[in-house]
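Descriptive analysis of the structure
So you can see what is in the structure, the chains are spelled out below.
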Amino acid sequence: MTRLLRIYYNGIFGAAGALVGWLVFGLAVPVDWPWYSTTLLGGSIVGGVIGYLVVGWEALLDWSWPRFFRMGVHGLIFGAMGGAVGAIAGEWINYALQELPGLPGTLSTMVARGLGWMAFGVAVGLGEGYVARSWRKTSYGALGGTLGGLVGGASFALVLSELGRGEVSYVWGQAVGLMILGACIGSLIAAVEEALKPATLRVLRGWREGWEFAILKAETTIGRDEKADILLLRDMKVEKYHAKVVARDGRYLLVNLGAPGHHTLVDGKPVSHVAELNDGARIQLGDQVLMFHLRQARRTARAPLGRRREGETTRAVPEAILLPDQAGPRGGN
């Protein structure tokens, strides 16, 4: 999946989550409830559905239902909490700003909604990072969610500013505004990750051909198991936990987790234990072919394993990396 396509999908599922959440809220919450109960519950419902779809949509495209459920539930929890906080915070901030003299009503509402929904955006971003067990993805998600909540919340307020309360257009304006909010949060979370990710694996042949996976953890597992970080299906030559990419001191290593050497190749050479990955390295696992890429800023020449440049000390591979029994579904953050 290309960068723009990932941003697009994140935005689309964010908008879809907002629409579904808005419909559920309209059907489930009585109109005569107190405003604070309605605000809290409405924010949690909308936020939970957005979080579920933004965090779990990749598994949905894989038709991997256990993975979709596991990832989505975490997104639901984080999104619901953030949505409730964001909705009520927006109301409180809006009331506080209304007391300031000389501040236009529309502008104050946009500022209030933007600041309030920032908490929601942060929560969705944290949910993505928690699912991946990656501090880097967590920080990227929090930054992207903050920006998405700010822009989306302000846009939500702007859409409603010209619509009269109690009218049908105002009700549908809420739906449109929330969809913009969900799209902004989802797309900006993906955009920040795409802009800052240090390395990627792009599928050249096999399952999800053309997709690109960010390498954001100290140890990124690859295999057919539902809990692998990079899931490669429909190839029985790929083990459940076939290999892992290990990041150490700016270097990237492919570690064989016990798979046959002739089914684990780097640039056409069998890998029985470990091989260093340089920019453009071609990796074959079973019949699946992937290409490793570094960001431009990090594409600096590095000495091969076990060799020394003039004036440079040798950097050995940590012994733990070489041992397959040290690896598995547990990845470092």
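Anything mentioned here points back to the structure above.
Now for a quick tour of the structure. Bear in mind the structure is a predicted one, so any value in this text is a computation, not a measurement.

Among the five residues in strand S3 (residues 219-223), five count as buried, and that is most of the element. Residue alternation in S3 divides its side chains into two sets, Glu219, Thr221 and Gly223 and Thr220 and Ile222, and both sets are buried. Pairing of S3 with strand S4 (residues 230-231), which is carried by two bridges, proceeds in the parallel orientation. From the neighbouring strand, isoleucine 222 faces S4, where its bridge partner is isoleucine 230.

A few words now on the environment of leucine 254. Following the sequence through the fold, leucine 254 ends up in strand S6 (residues 251-256). Note on leucine 254: relative accessible area 0%, which makes it buried. Separated by 10 residues in the primary sequence, leucine 254 and lysine 244 place their C-alpha atoms 5.8 Å from one another.

This next bit is on the environment of glutamate 212. Considering the arrangement of structural elements, one finds glutamate 212 in strand S2 (residues 212-215). For the pair formed by glutamate 212 and phenylalanine 292, sequence separation is 80 residues and the distance between their alpha carbons is 9.6 Å.

All right, on to the environment of serine 187 then. Considering the arrangement of structural elements, one finds serine 187 in helix H6 (residues 168-196). When the C-alpha positions of serine 187 and isoleucine 7 are compared, they lie 4.8 Å apart, and in sequence the two are 180 residues distant. Discounting chain neighbours no more than four positions away, the residues touching serine 187 are Ile7, Asn10 and Gly11.

Moving on: the sheet that holds S6. Ordered in space as S4-S3-S5-S6-S9, the five strands form an open sheet in which the pairing is mixed. A single partner strand is all that each edge strand has here, and the edge strands are S4 and strand S9 (274-277). Bridging between S6 and S9 involves four bridges; their strand directions are antiparallel. If you follow leucine 253 over to S9, its bridge partner there is glutamate 276.

Definitions and cut-offs
- Residues numbered from 1 in each chain as written.
- Predicted model: local features only at pLDDT ≥ 70, side-chain atom pairs only at ≥ 80, totals over all residues.
- Heavy atoms only, no water.
- Buried < 20%, exposed > 50% of the residue type's maximum accessible area, 1.4 Å probe, protein only.
- Helix = DSSP H or I, 4+ residues; strand = E, 2+ residues; numbered from the N terminus.
- Pairing = 2+ DSSP bridges.
- Contact = heavy atoms within 4.5 Å.

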